[in-house]
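Residues per chain, in single letters:
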Amino acid sequence: MKQIIVCMMVALSTSSIVTAQNQPTFRFNAGPELGFATGSFSNTHSIGIGGSVQGEVSLQEHLYGTASFGVTAYKGKSSGSNTNYKVATIIPLRVGAKYFLTGGFYGSFQLGVGFLNNTTPGLNIINPNTDASGTAFAYSPQIGYEFKTKNYKSIDATFKYDGYSGGNKIGTVGTIGFRLAYIF
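Since this is a predicted model, take the numbers as computed values, not measurements.

Analysis parameters
- Residues numbered from 1 in each chain as written.
- Predicted model: local features only at pLDDT ≥ 70, side-chain atom pairs only at ≥ 80, totals over all residues.
- Heavy atoms only, no water.
- Helix = DSSP H or I, 4+ residues; strand = E, 2+ residues; numbered from the N terminus.
- Buried < 20%, exposed > 50% of the residue type's maximum accessible area, 1.4 Å probe, protein only.
- Areas by Shrake-Rupley, 256 points an atom, 1.4 Å probe, with all protein chains shown as cover.
- Salt bridge = Lys/Arg side-chain N within 4 Å of Asp/Glu carboxyl O.
- Pairing = 2+ DSSP bridges.
- Axes fitted to C-alpha atoms, helices over the stretch in contact; angles between N-to-C directions.
- Phe/Tyr/Trp six-rings, centres within 6.5 Å; stacked < 30°, edge-to-face > 60°.
- Lys NZ or Arg CZ within 6 Å of the ring centre and 35° of its normal.

S.K.: Honestly, the overall build of the chain in this entry has me stumped. Any pointers?
M.R.: Along its length, the chain carries two helices and eight strands. Secondary structure elements of the chain occur, N-terminal to C-terminal, as α-β-β-β-β-β-β-β-α-β. Per-residue burial over the chain gives 36% buried out of 184 residues. Carbon and sulfur atoms form 66% of the exposed surface of the chain, whose accessible area is close to 10500 Å².

Structure representation (structure tokens):
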């Protein structure tokens, strides 16, 4: 009887250790973002300031699944014809993958949707006389590095391109951005 109890306890402890190793870990990070308008978007807007939050779940040893949400406001430019462009607000909601190449270096790619809010005519490349507010397909290739802090937490520094394609109403909007986030 004692042998059966000992065998059952060993089996339960082994299964709980194996299960604990297979449990996906979840990480959460948040931080500010700085963006710069590119392409035709840079004709009407310049620098953007915002922030984002991202959840990450481990899928394999070096691979994480990601989900992110944020908001960035881009300052409108003034043109020589007394036209002042309003602030353009972009709210991306994306999911993707993050793969650690070596050490803290990683590559990431995210897809999703972006909500663009700018009622200034002229932002739309295809039809400059239309309202450029709406929903767009969002994509974001990224590279970054995670730095360890003294208390064994991490800081995530990311360089990225954010692209938004919204068809005839929005056209294509592109930005280059930097993100610095604290990993909880």
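Back to the text.
S.K.: Explain the pattern of salt bridges here, please?
M.R.: Where charged atoms of side chains with opposite charge meet at close range, the side chains can pair. Evaluated as defined, the whole model comprises nine salt bridges. Glutamate 146 serves as the salt-bridge partner of arginine 27, at 2.7 Å between the closest nitrogen and oxygen. Within this pair, whereas arginine 27 is found in strand β1 (residues 26–38), its partner glutamate 146 is found in strand β6 (residues 134–148), the two being separated by 119 residues in sequence. Glutamate 146 matches arginine 27 in its accessibility class, with the two residues each being buried. Between glutamate 146 and lysine 98 there is a salt bridge whose closest N-O contact spans 2.9 Å. With glutamate 146 in strand β6 and lysine 98 in strand β4 (residues 88–102), this residue pair connects regions lying 48 residues apart in the sequence. Side by side, glutamate 146 and lysine 98 carry an identical accessibility label, which is buried. Overlapping salt bridges bring together Arg27, Glu56, Lys98, Glu146 and Asp156 as one network.

S.K.: So what exactly am I meant to see when it comes to the sheet that holds β6 here?
M.R.: Strands pair in a sheet through their backbones, by hydrogen bonds, and they do so in one of two ways: parallel or antiparallel. Read around the closed barrel, eight strands run β1-β2-β3-β4-β5-β6-β7-β8, paired in antiparallel fashion. For this sheet, the mean angle separating the axes of adjacent strands, direction not counted, is 25°. As judged from the twelve bridges shared by strand β2 (residues 45–58) and strand β3 (residues 63–76), these two strands associate in the antiparallel manner. Considered in β3, the bridge of histidine 45 is made with glycine 76.

S.K.: Sorry if this is basic, but what is going on with the packing of aromatic side chains here?
M.R.: Note on aromatic pairs: each is described by the distance of the centres and the angle between the planes. Taken as a whole, this structure holds eleven aromatic pairs when the rule is applied. Measuring from ring centre to ring centre gives 5.0 Å for tyrosine 182 and phenylalanine 184, while their planes differ by 80°; the resulting arrangement is edge-to-face. Taking relative accessible area as the criterion, phenylalanine 184 reaches 51% and is therefore assigned exposed. Grouped by ring-pair contacts, the aromatic residues Phe28, Tyr182 and Phe184 constitute a single cluster. Geometry around tyrosine 64 places arginine 27 over its ring, the cationic atom sitting 4.5 Å from the centre. Positioned above the aromatic ring of tyrosine 106 is the side chain of lysine 98, whose terminal nitrogen or guanidinium carbon lies 4.2 Å from the ring centre.

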